[in-house]
Amino acid sequence: MATTKTHALKEWDTLHNNGPFPLKALYVTELEGDGNIPDKIDRYNDAATEIRRLIKETNDANQGFRAYGSAWSMNHIAHQKDRMHYNGFMNIHIPMVTENLHDNTNFEASNLFLFECGTIIKRVSEVLSAHGKSLKTTGASNGQTIAGCISTGVHGSALQVGAVQDYVVGLNLIIGPNEDDVVYIERHTQPALNDNFAKKISKRIIRNDKLFNAALVGLGSFGFIHGVVIEAEPRFLLKRYVKKIDKNIALKLADTLDFKNSLFKIPEETDAQGFGIMPYHYKVFINQYSNEQNYVVELMYKKPYVADYKDPFPIIKQSLYRDLIHLFTKMAEHFPKSIPWLVKRLRKTILPKVDEELTGTLPQIFWDAPYQGPAFACSVGVDHKDSSKALKLLADLTKNEGPIPGIFAMRFVKQTKAILGFTKFPVTCMLEIDGVLWKKTRKIMSLTEFSRRIIEVLKQNDIPFTIHWGKASDWAYPDLVNLMFDADKINEWKACRRALLSDDMLKLFSNKFLKNIDLTAKEADKNIDVNDDLIASL
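How each quantity is defined
- Residues numbered from 1 in each chain as written.
- Predicted model: local features only at pLDDT ≥ 70, side-chain atom pairs only at ≥ 80, totals over all residues.
- Heavy atoms only, no water.
- Helix = DSSP H or I, 4+ residues; strand = E, 2+ residues; numbered from the N terminus.
- Rg over C-alpha atoms; globule rule 2.2 N^0.38 Å.
- Buried < 20%, exposed > 50% of the residue type's maximum accessible area, 1.4 Å probe, protein only.
- Contact = heavy atoms within 4.5 Å.
- Areas by Shrake-Rupley, 256 points an atom, 1.4 Å probe, with all protein chains shown as cover.
- Lys, Arg positive; Asp, Glu negative; His and termini not counted.
- Charge placed at Lys NZ, Arg CZ, Asp CG, Glu CD.
- 1 Å grid on protein atoms, 1.4 Å probe; cavity = no way out; pocket = protein on both sides within 12 Å on 5 of 7 lines; lining within 4 Å.
- Points joined across faces, edges and corners; volume = space filled by probe spheres on them.
- Nonpolar A, V, L, I, M, F, W, Y, C, P; charged D, E, K, R; others polar.
- Pairing = 2+ DSSP bridges.
- Axes fitted to C-alpha atoms, helices over the stretch in contact; angles between N-to-C directions.
- Salt bridge = Lys/Arg side-chain N within 4 Å of Asp/Glu carboxyl O.
- Expected span 1.5 Å × (residues − 1).
- Polar contact = N/O pair within 3.5 Å; in protein donor to acceptor, adjacent residues only side chain to side chain.
- Parallel < 35°, antiparallel > 145°, perpendicular 65-115°, else oblique.
- Core = buried A, V, L, I, M, F, W, Y, C linked by side-chain atoms within 4.5 Å.

Q: So, the overall build of the chain: which residues are in play, and what are the values?
A: On a plain count of helices and strands, the chain comes out with 17 helices and 22 strands. For 538 residues, the compact-globule estimate of 2.2 N^0.38 gives 24 Å, and the chain sits close to it at 23 Å. Dimensions along the principal axes, computed over C-alpha positions, put the chain at roughly 60 × 55 × 45 Å. In the chain, which comprises 538 residues, the proportion classed as buried is 61%. For the chain, the share of sequence-separated contacts (at least 6 apart) that also reach a separation of at least 24 residues comes to 72%. A total accessible area of about 21700 Å² is found for the chain, and carbon and sulfur atoms account for 49% of it. Charge-centre separation for the chain: the mean point of 69 positive side chains lies 7 Å from the mean point of 64 negative side chains.

Q: Quick rundown of empty space enclosed by the protein? Include the residues and the values.
A: Applying the stated criterion across every chain yields a total of eight cavities of 30 Å³ or more. Empty space within the largest cavity amounts to approximately 800 Å³. Around the largest cavity sit 46 residues that line it, and Trp72, Ser73, Gln144, Thr152 and Val154 are the ones nearest its centre. Secondary-structure elements contributing two or more residues to the lining of the largest cavity are β5 (65-68), α3 (146-152), β13 (224-231), α8 (324-332) and β21 (427-435). Considering each element in turn, the lining of the largest cavity owes the most residues, five residues, to α3.

Q: Tell me about the layout of surface pockets, residues and numbers included.
A: Taken as a whole, the largest pocket encloses approximately 760 Å³ of empty space. Around the largest pocket sit 34 residues that line it, and His76, His79, Asn511, Lys512 and Asn516 are the ones nearest its centre. Those elements that place two or more of their residues in the lining of the largest pocket are β3 (21-22), α12 (447-460), α15 (503-508) and α16 (512-516). In the lining of the largest pocket, the residues fall into 10 nonpolar, 17 polar and seven charged.

Q: Please provide a residue-by-residue account of unusual backbone geometry, values included.
A: Across the junction of Gly19 and Pro20, the peptide omega takes the value 0°, indicating a cis bond. Here Leu219, not a glycine, exhibits a phi torsion of approximately 60°, which is positive. Counting through the fold element by element, Leu219 comes out in the loop between α5 (209-216) and β13. When its relative accessible area of 2% is taken as the criterion, Leu219 is described as buried.

Q: Can you tell me about the sheet that holds strand β1 (residues 3-8), naming the residues and giving the values?
A: Read across the sheet, four strands follow the order β1-β4-β6-β5 without closing on themselves; strand pairing throughout is mixed. The sheet terminates laterally at β1 and β5, the two strands that pair on one side only. Taking the axes of each pair of neighbouring strands and ignoring which way they run, one obtains an average angle of 25° across the sheet. Against the sheet, helix α1 (residues 40-60) engages β1, β4 (25-30), β5 and β6 (83-86), with an angle of about 165° to β4.

Q: How would you summarise the environment of Ile150 if you had to cite specific residues and measurements?
A: Among the structural elements, Ile150 can be located in helix α3. Residue classification places Ile150 among the buried positions, given a relative accessible area of 0%. Not counting residues within four places of it along the chain, the set of residues in contact with Ile150 comprises Val164, Gln165, Val168, Leu171, Leu216, Val217, Ile225 and Val228.

Q: Let's hear about the pattern of salt bridges: which residues, and what values?
A: According to the stated counting rule, one finds 26 salt bridges in the structure shown. Two residues, Glu298 and Arg240, come together in a salt bridge whose shortest N-O distance is 2.8 Å. Residue Glu298 is located in strand β17 (residues 294-304), and its partner Arg240 is located in strand β15 (residues 236-246); the two are separated by 58 residues in the primary sequence. Put simply, Asp396 and Lys399 hold a salt bridge, and the shortest N to O gap is 3.9 Å. You can see Asp396 and its partner Lys399 sitting in helix α11 (residues 387-400), three residues apart, about one turn around the helix. On the basis of relative accessible area, Asp396 is assigned to the partly exposed category, the value being 23%. One salt-bridge network, in which partners are shared between bridges, spans Glu50, Arg53, Glu57 and Arg83.

Q: Lay out α1 in plain terms, naming residues and giving numbers.
A: With 21 residues, α1 extends 30 Å between its outermost C-alpha atoms, agreeing within 8% with the 30 Å of an ideal straight helix rising 1.5 Å per residue. Put simply, Asp39 is the residue that caps the front of α1, since its side-chain oxygen is 3.1 Å from the backbone nitrogen of Ile41. Of the residues trailing α1, Asn62 is marked for its positive phi of about 55°.

Q: Give a detailed account of helix α6 (residues 247-256), specifying residues and quantitative values.
A: Taken together, the buried positions of α6 are occupied by Ala250, Leu251, Leu253, Ala254 and Asp255. In the core, the buried residues of α6 are packed alongside β15, β16 (281-286), β17, α11 and β20 (406-414). In this structure Asp246 caps α6, since a side-chain oxygen of it lies 2.8 Å from the backbone nitrogen of Asn248. After α6 finishes, the residue Leu257 shows a positive phi value of roughly 55°.

Q: Quick one: what's the story with the packing of α5 against helix α14 (residues 487-500), residue by residue and with numbers?
A: At a minimum axis distance of 9 Å, the contact between α5 and α14 shows a crossing angle of 100°. As far as their axial angle goes, α14 and α5 are roughly perpendicular. When α5 is examined against α14, the residues Lys210, Leu211 and Ala214 are found in contact with a partner set consisting of Glu492, Trp493, Cys496 and Leu500. A breakdown of the residues in the contact of α5 with α14 according to their chemical character gives five nonpolar, no polar and two charged.

Q: Can you lay out the nonpolar core for me, pointing to particular residues and giving the numbers?
A: Ranked by size, the top nonpolar core spans 165 residues in total, and within it Ile230, Tyr282, Met410, Phe450 and Trp469 carry the most contacts. With seven residues, the top contributor of residues to this core is α1. Each residue touching Tyr282, except ones within four places of it in the same chain, is listed here: Ser157, Leu159, Ala250, Leu253, Ala254, Phe259, Val297, Glu298, Leu299, Met410, Arg411 and Phe412. In terms of nonpolar packing, the next biggest core, distinct from the first, is built from nine residues, Trp12, Phe21, Val28 and Ala78 among them.

Note that all results are geometric; they support no functional claim without further evidence.
Written as structure tokens, this is what we have:
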């Protein structure tokens, strides 16, 4: 049987030291060995039984319960003051076969895989590569668990793909202590697995678009995500270019995404008429403290997979432009530790010259995180058409009301179907500032105060925005979620959560983060209309 060790702790922290936060107990569950339970599905279900036991134990104690994986979120979304569960040892994977597929599915069996919640993205990619497959996109690195990625909406900069949750086609949730609290959910308009297979891993099958889209980015509050069914695709290559270009051209591309008619072209990436083609990935790096005329841009173009390409690791391992926090820490490592002095040096520092070119697979390019120390990250989503305007406003904020020890980047993501996915615009520009943690002083505002000013500045300038669920913000800002999403969307999400979970479980799977953003279940929420189709599917 799966076994759980319970550790009595007083506090818990994130990977990037954004806490510490108070804690009473930490559960760590390990699977039974395959020598004792050789069948993967049996071992998977054995783990589900253990999780149900822990949920019952927690509920009997009238306490809260929250699962986490790699602890990469830079706020308290993964935290629960009572009991937390570490998922990292729960990493079974099961490839689907034709006999598992729903009669009305449009998916190919060879592209579907069930991954247990604690499987990190790096391991997911290794499994898929062994089958000649690839994820469609990832975040900037590969250390997050698959369940953590979708719960917070982790994204890359894939213009035609979306965020990680957008290739998830099925969810296996544990929503309580009883046997029939193990449910499998998928869209009724896009069924993936047949009842025969779904019944092997669950007691209830729910096919409903609204419920699935609500649970997809569920903020850890739709129950325990035990398994995730993803759609992969045949393995492909990415041709990556990193170049310095005129900042006005870089910003015009951000606002228009018109690569066809841009003055900037990569000769190898044009069509037969000489027009630029749309890249798979576009990212802009900005040191807002410098008056430099050029920005660094990273572009990637999708290519068919071939086996004989040059090893990309010698360049990738040395690249400064792998992710934003790595770039900032490398730029700042020889600067004074004092924040004012560091920023003063940044004013005289241009982004390092670069002209990189390499080819690799998705997991080779979005590789291990080069920096995992104390850090902050703030990230807002705006319509890409507002990207240069939003950048100027927030860059001016850091310069005029700072100093803030970080620099900016922009990434671009296709719209999500998740009800509370922050990549909600037709193409969302994720405008992010990463840097080193600092302490409030008489002359430097706190991170929370800076986050609050970001909200206020965007609001004052009538720029619709969202905020990355896993990054720093003033999460207690009044009516924040109502600024980010339409009331209909918020009520839809709440109604789906209330329809799925019992009153006890609504409370058990809540935490301070959910309370801060006013998404905890309330008596008044019972008056929200619940779609008849949702009730029928339940």
